[in-house]
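Coordinate analysis (summary)
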Number of protein chains: 2
Amino acid sequence: MIDNDSGNIKLEHGAGGEEMHELLKLMLRYFNFTNANASNNSNKWAKAVIDVPLKALDDSAVVDNIVFTTDSHTVKPLFFPGGDIGSLSIAGTVNDIAVMGAEPLCLSVAFVIEEGFPITDFERLLESMKKTCEDAEVAVVTGDTKVVERGAVERIIVNTSAIGRRTEALEKNMEEVRRYRELAGNWLIDSNLRDGDSIIVSGYLGDHGIALLSFREGFEFDTGLQSDIAPLNRTIHEVLNVGGVVAMKDLTRGGLANSLNEFSLKSNVGILIEEDKIPVRESVRNACELLGIDQLEIGNEGKLVMGVVKEKASDVLHALWRTKHGKDAAIIGSATEKLGAKKLKGVVMKTQVGGMRIVETPIGDPVPRIC
Amino acid sequence: MIDNDSGNIKLEHGAGGEEMHELLKLMLRYFNFTNANASNNSNKWAKAVIDVPLKALDDSAVVDNIVFTTDSHTVKPLFFPGGDIGSLSIAGTVNDIAVMGAEPLCLSVAFVIEEGFPITDFERLLESMKKTCEDAEVAVVTGDTKVVERGAVERIIVNTSAIGRRTEALEKNMEEVRRYRELAGNWLIDSNLRDGDSIIVSGYLGDHGIALLSFREGFEFDTGLQSDIAPLNRTIHEVLNVGGVVAMKDLTRGGLANSLNEFSLKSNVGILIEEDKIPVRESVRNACELLGIDQLEIGNEGKLVMGVVKEKASDVLHALWRTKHGKDAAIIGSATEKLGAKKLKGVVMKTQVGGMRIVETPIGDPVPRIC
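On a predicted model such as this, the values are computed, not experimentally measured, just so you know.

**Comments concerning the relation of the copies chain A and chain B**
Both copies of the chain are related by one operation, a rotation about an axis with a shift along it. Overlaying chain A on chain B yields an RMSD of 0.0 Å, the required transformation being a rotation through 180° with an accompanying axial translation of 0.0 Å. Both copies of the chain, as the preceding transformation shows, are related through a two-fold rotation axis. Rotation axis and chain A: the residue whose C-alpha lies nearest the axis is Val 153 of chain A, separated from it by 2.1 Å. Take the interface residues of chain A: 100% of them recur as interface residues in chain B, which is what a same-surface contact looks like.

**Let's talk about helix α1 (residues 18-31) of chain B**
Compared with the 20 Å implied by 1.5 Å per residue over 14 residues, the 20 Å span of α1 of chain B between its first and last C-alpha is a close match. Every buried residue belonging to α1 of chain B is among Glu 19, Met 20, Leu 23, Leu 26, Met 27, Leu 28, Tyr 30 and Phe 31 of chain B, and all of these are buried. For α1 of chain B, the elements touching its buried residues are β6 (103-114), α3 (119-136) and β7 (139-148) of chain A.

**Here's the deal with the sheet that holds strand β2 (residues 61-63) of chain A**
Residues and elements named next belong to chain A. Taken together, the 6 strands give an open sheet; going across it, the order is β1-β2-β3-β8-β6-β7, and neighbouring strands pair in mixed fashion. The strands lining the two open edges of the sheet, one partner per strand, are β1 (50-52) and β7. Strand-to-strand twist across the sheet, computed as the mean angle between neighbouring axes with direction ignored, equals 20°. Where β6 and β7 come together, 9 bridges link them in parallel fashion. The partner of Ile 113 across the bridge, within β7, is Val 147.

**Observations concerning the sheet that holds strand β10 (residues 245-250) of chain A**
All names here are of chain A. The strand order across the open sheet built from 7 strands is β10-β12-β9-β13-β11-β16-β17, with neighbouring strands paired in mixed fashion. Looking at which strands have only one partner, the edges of the open sheet turn out to be β10 and β17 (356-358). Direction aside, the axes of adjacent strands within the sheet are offset by 25° on average. Bridging between strand β11 (residues 270-274) and strand β13 (residues 330-336) involves 4 bridges; their strand directions are antiparallel. In the sheet register, Gly 270 faces β13, and the bridge partner there is Thr 336.

**Quick look at the packing of helix α6 (residues 233-242) of chain B against helix α9 (residues 313-321) of chain B**
Residues and elements named next belong to chain B. At a minimum axis distance of 9 Å, the contact between α6 and α9 shows a crossing angle of 150°. By the angle between their directions, the pair α6 and α9 is classed as roughly antiparallel. Crossing hand, α6 versus α9: right-handed. Every residue of α9 that contacts α6 at Thr 235, Val 239 and Val 242 is listed here: Asp 315, Val 316, Ala 319 and Leu 320. Of the residues belonging to the contact of α6 with α9, the class tally is 5 nonpolar, 1 polar and 1 charged.

**Section: the confidence of the model for chain A**
Low pLDDT marks stretches whose predicted atomic positions should not be read closely. All names here are of chain A. This prediction gives chain A a mean pLDDT of 92; 94% of its residues lie at or above 70. Note that residues 35-45 has pLDDT below 50 and, in this model, 33 contacts with residues that lie over four places away or in other chains. In the predicted assembly, ipTM is 0.95 and pTM is 0.95.

**A closer look at the packing of helix α4 (residues 168-178) of chain B against α6 of chain B**
All names here are of chain B. Where α4 meets α6, the closest approach of the two axes is 7 Å, and the angle between their N-to-C directions is 40°. Taken together, α4 and α6 sit at an angle that is classed as oblique. Considering how the two elements wind past one another, α4 and α6 form a crossing that is left-handed. For the pair α4 and α6, contact is made by Ala 169, Leu 170, Lys 172, Asn 173 and Glu 176 and by His 237, Leu 240, Asn 241 and Val 242, respectively. Tallied by class, residues from the contact of α4 with α6 come to 4 nonpolar, 3 polar and 2 charged.

What counts and what doesn't
Residues numbered from 1 in each chain as written. Chains lettered and ligands numbered in written order. Predicted model: local features only at pLDDT ≥ 70, side-chain atom pairs only at ≥ 80, totals over all residues. Heavy atoms only, no water. Least-squares fit on C-alpha atoms with pLDDT ≥ 70 in both. Contact = heavy atoms within 4.5 Å. Helix = DSSP H or I, 4+ residues; strand = E, 2+ residues; numbered from the N terminus. Expected span 1.5 Å × (residues − 1). Buried < 20%, exposed > 50% of the residue type's maximum accessible area, 1.4 Å probe, protein only. Pairing = 2+ DSSP bridges. Axes fitted to C-alpha atoms, helices over the stretch in contact; angles between N-to-C directions. Parallel < 35°, antiparallel > 145°, perpendicular 65-115°, else oblique. Left-handed = near helix turned anticlockwise from the far one by under 90°. Nonpolar A, V, L, I, M, F, W, Y, C, P; charged D, E, K, R; others polar. pLDDT = per-residue confidence, 0-100.

Okay, structure coming up:
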């Protein structure tokens, strides 16, 4: 039983932070099949080899070398500066496949639509999904459509699932890593980080969350900020061709704070980042200050964080700078076991004024319904 | 643009009949990628071979021999006699993979939950999903959870997607078919039916739809009827080991009327069935008469219809009788090009009183929100 006063599901259970982790632990108790949950174990009938199981809680699962992921999208409003629920659902799912180091093979799309939803809006979403698919060079191959009576769902919900597969670029990347050290797993998983690895982000943080929030709430500090929604599989492909990447996540719910804490916890290593190296736009910084939101906790839809063996960090950074979606990339810190004389656990940030601040896993989501 | 007075999505657009087909045609215009939509064509980057594309509108897609399907479940109420949205979502998706002739490899589960949903109910659903997974011998390997504010979704929506793969049993089945004739496609697809093939259903029609409807509406003709929800992959495995099956569907939205019309349209062959051979329980028949619902249009969640080369029909029937979920199976008719002296198109039923009735694709769904 979840530690919950009311015994009911709360918004925080879906917010990508601590409370969500509690709910996930509950689910794992039910979906922790003895015949198919462990790495290198086998399903007795299908004899599937599960490389990345559910309990890894990574961006995708890997079964028999097939990468598999799912996301249901409830973003509000449906249309916003820089994107809509259509482009978001395609890009988000492509990215969950791609951050494992895999190439997306195809997508499924399942709509739940409220009766009375305008067909012109639906076509606008379809057009946007089509464009994002073309951008990612991936096809929708299967789908489902349910229409429910008014009030049963707020306008439209989109689920996208996808499968992907191992590529030569990933093999090359892993080979490069092994020139320097061993790996915990053969994909870009959260538990692969080790002492000394560099932490790189691919661009400005918080654009999506703040663009959406300011549009939704009609805030006056709107400075023409756009969501950063983008499929990043081609960007990642370029990076893997350079080699040396060990772990990667796309910065969605819970932002950088959540992703780095997942890296730290699963890899059992401390992470030290420097505030003045983290790329955040002036407009996003200002909005966060005004609203009392931590810029590290805001979700993006087109940004990556990765761990790279330190010998390759500069090469990876330069490769990112040459890509469309990585030109503002930066090395923001490193995985480290020591902070001064102490053993470092968790995530710590050296602030601009020279102090140290612990970056905790967000409890709730400062900007709900952004994905 | 869909032919629609209001320009809005209607309930019928999700009902599995004619109007849904219009909406699907609209979607196909957007998802009909030139680089990846045709059989034996290739995606220019991923170089995927799409065996069963989106435009086939079959139960699953097949890409590079990986079978892939998705379904969002909005059944109301969440708990009903014989099942719940949990067992339904697992069994329904397992069946969509299995009716292609494939073995389900693993599942994804994505929840959209309304804030305030009781955790005890959520655990009840998880327990039910776990049991159905064990029954089907398939594992949930990846997932997503979104929690939305009150009113944004009615309680809970569950998406399940799955991947499956080709099995020796399917190879054996196809080999057996080829002893008698050629096939349009190398999976159990809707376009494989030919003149003379027998049509077999695996058991009583309408149990799920009528059980759910009578429970939901509190009708007095309730006779203890239970939903027939069941994962059918093992049943299908037994049938494939006998061999001779060319096409298969699970009888969900739109019931037998919809499935047979899909067979007829895609295979370009007429289908003649006999009313007195169709297994329908007395209680379902009575309920249908009372409510003025066509029993052929009601959805099931644990029943199959299949086309079998006539030389193997009796063997397949006997194999079904030996399975848990196929013991009431029956041969209900055959694919035929001629009806008397006329060329037969579509689906025709010889009624119990000896007349002939055209079985049309349902326009709407007589029992909404059943899956």
